[in-house]
Amino acid sequence: MSSTYFHQGLFETEDGAPLWFESRGEPAAVPVVLNDGLGCDGFIWRYLWEPLTAKRRVMHWNYRGHGRSGVATDDSRIGMEYITDDLARLMDAQKLESAVMFGHSMGVQVCLEFHRRHRSRVKGLVLICGSYGTPLDTWHDHTLLRVAFPYLLKAVEGSPHLAKSIMARVLNTQLAVEFGIRTELNPALIKPNDFAPYMEHLAKMNPLYFVRTLDSLKDHSAWDHLPYVDVPTLVVGGEGDRFTPIWLSQRMAEFIPRSEYVYVPGGSHTAPLERPGLVNSAIDRFLRERVSVNSP
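Quick caveat, the model's predicted, so the values are computed rather than measured.

About the cut-offs
Here the residue numbering is sequential within each chain, running from 1 through the sequence in written order. The model is predicted, so local features are restricted to residues of pLDDT at least 70 and side-chain atom pairs to those at 80 or more, both for listing and for counting; the totals for chains, interfaces and linings are taken over all residues. The side-chain numbers reported here are obtained from all heavy atoms of the structure, hydrogens and water having been left aside. Each patch groups residues whose relative accessible area exceeds 30% and which form no salt bridge, using 9 Å between like charges and 5 Å between nonpolar side chains of Val, Leu, Ile, Met, Phe, Trp and Tyr. All accessible-area figures derive from a Shrake-Rupley calculation using a 1.4 Å probe, and residue coverage is judged against the displayed protein chains alone. Salt bridges, as used here, are contacts in which a Lys or Arg side-chain nitrogen is within 4 Å of a carboxyl oxygen on Asp or Glu. Helix and strand definitions follow DSSP, with helices as H or I runs of at least four residues and strands as E runs of at least two, each counted in order from the N terminus. Think of a polar contact as two N or O atoms within 3.5 Å of one another; within protein, one of them needs to be a possible hydrogen donor and the other a possible acceptor, and neighboring residues in sequence only count if both atoms come from side chains. Should any heavy atoms of two residues lie within 4.5 Å, those residues are considered in contact. Note on geometry: axes are C-alpha line fits, over the in-contact stretch for helices, and angles between N-to-C directions span 0 to 180 degrees. Orientation labels follow simple angle bins: below 35 degrees gives roughly parallel, above 145 gives roughly antiparallel, 65 to 115 gives roughly perpendicular, and whatever is left gives oblique. Two helices that cross are described as forming a left-handed crossing if the nearer one is turned anticlockwise from the farther one by less than a right angle, and a right-handed crossing if clockwise. Each residue is assigned to one of three classes by its accessible area relative to the maximum for its type, calculated with a 1.4 Å probe on protein chains only: buried under 20%, partly exposed between the two thresholds, exposed over 50%. For two strands to be treated as a pair, DSSP must find at least two bridges joining them. Call a crossover right-handed when, viewed with both strands pointing away from you, the route from the first strand across the helix to the second goes clockwise.

Side chains of Leu162, Ile166 and Val170 sit close together on the surface and give an oily, nonpolar patch of about 280 Å² of accessible area. Looking at the secondary structure, you find Leu162 in helix 5 (residues 160-171).

Here we take up the side chain of Glu260. Here Glu260 is to be found in strand 8 (residues 260-264). A polar atom in the side chain of Glu260 sits 2.5 Å from the side chain of Arg285. The residues contacting Glu260, other than those within four sequence positions of it, are Thr233, Leu234, Val235, Arg285, Phe286 and Arg290.

For the rest of this paragraph, the subject is the packing of helix 2 (residues 80-93) against helix 3 (residues 106-117). At their nearest, the axes of helix 2 and helix 3 sit 10 Å apart, and the two run at 65° to each other. Classified by the angle between their axes, helix 2 and helix 3 sit roughly perpendicular to one another. Along this stretch, helix 2 crosses helix 3, giving a crossing that reads as right-handed. Residues Met80, Glu81, Ile83, Thr84, Asp85, Leu87, Ala88 and Met91 of helix 2 pack against Met106, Gln109, Val110, Glu113, Phe114 and Arg117 of helix 3.

Moving on, we get to the pattern of salt bridges. Tallying each qualifying case throughout the model produces 22 salt bridges. Taking the shortest distance from any N to any O, the salt bridge between Asp219 and Arg146 comes out at 2.9 Å. One end of the pair, Asp219, is in the loop between helix 8 (207-217) and strand 7 (233-238); the other, Arg146, is in helix 4 (residues 144-158), and 73 residues separate them in sequence. Note on Asp219: relative accessible area 52%, which makes it exposed. Taking the shortest distance from any N to any O, the salt bridge between Glu260 and Arg290 comes out at 3.2 Å.

It is the contact of helix 5 with helix 7 (residues 192-204), at a shortest axis distance of 7 Å, that shows an interaxial angle of 160°. Judged on the interaxial angle alone, helix 7 and helix 5 are roughly antiparallel. Seen from above, helix 5 lies across helix 7 with left-handed handedness. For the pair helix 5 and helix 7, contact is made by Lys164, Met167, Ala168 and Leu171 and by Met199, Leu202, Ala203 and Lys204, respectively.

Most of strand 7 sits out of view: six of its six residues are buried. The alternating pattern of strand 7 places Thr233, Val235 and Gly237 and Leu234, Val236 and Gly238 on opposite faces, both of which are buried. Bridge analysis of strand 7 against strand 8 gives five bridges, and the strand direction is parallel. Along strand 8, the bridge assignment pairs Val235 with Tyr261. You can see the chain leave strand 7, run along helix 9 (residues 246-255) and come back into strand 8, and the turn it takes is right-handed.

Here we come to the sheet that holds strand 2 (residues 18-25). Pairing is mixed across the open sheet formed by eight strands, whose spatial order is 1-2-4-3-5-6-7-8. Of all strands in the sheet, those with a lone pairing partner are strand 1 (5-12) and strand 8, marking the two edges. Averaged over all neighbouring strand pairs, the angle between strand axes comes to 15°, with direction disregarded. Across the sheet, helix 9 lies against strand 6 (122-128), strand 7 and strand 8, angled at about 160° from strand 7, the strand it touches most. The strands that helix 11 (residues 276-290) touches are strand 5 (99-104), strand 6, strand 7 and strand 8; relative to strand 8, the one it contacts most, it runs at about 170°.

And the structure:
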C-alpha cells in the first residue's frame, strides 16, 4: 500500500472528549473522511482503504464512546448533537479544509447533517447503506424498534454494568457472529472474518454510550435538507439491506439533485464487504469523474 502520509492519535475536544483518528495516504487529490455506523469502529472500510489511500489522503475517526474514543467528563454529552462539531474541529486540527464525506449506516446521517452545517467543507458525498433519518421507524421495515426502544433505554440506563456484562458474554462469541450473518446479512457473500470485528467491538462497547447515541438519532432527520445538497453525491444501496431498507437509498438518490445511485444485487447492510469489487469500482469512477479540487 502506497502511503506517503500517516498520522494516528487522539484529539481532545473542548469538553474533554478524547477522539481517536488516523490519517494516511497520498495528498495529491481531494481527501476523504470515513464516518462509521452506530456501534462501529471501521470494519466496513476494510476493502476500501487500499484503493482510496493509493490516490488520496484518507481520515477515519471514532465517534464519542466508540472504538478508541472516549467521552466527555459529562458522559451525557454524546450523540448527533456533538458529532458534527467534533468532526469540524478534528478537521481543523488536521488542516483539512474540505473533503469527500463517506458515510455508512448512521454515518449517512452524519454526512448529511455535516453538509447542512458546514457546506463549504464538503466536496462530495458517498452515502452507503444508510438513511437520511429516524432509523427506528424503518428498521426491518416496521416500527417495532421505535416502540421497544424506550424500554431498552430505561433498562440500560438503570443497570449499565449488568447490560455491559450481558453484551460482553453474548456478542463476543462465534455463535453470535454466525447468527448475525445468517439473520441479517448475505451468508453466501460475507466472510465471517470480515464481520467478526464488528461483533467484537460491539461486545466491548459501553452499552450506555450505544443507547445514548441511538437516542440522539431516533428523531434526527435530514429529509428536509436533501433538495439542498449541492455537491456530487453517490448513493449505494444493498438489495437485501434490512437495517436500512433499500427504498431509503432509492429515495435519497431521487431527492438529492444530480445524485448517482448504485444498486448492489445480493448486498445487505454490509454491501462494501459482500461485493467489494462492484462498490469499489463505482466509488473510484465517481471520484475520478465527478469530484475534483474545483468541485463546488
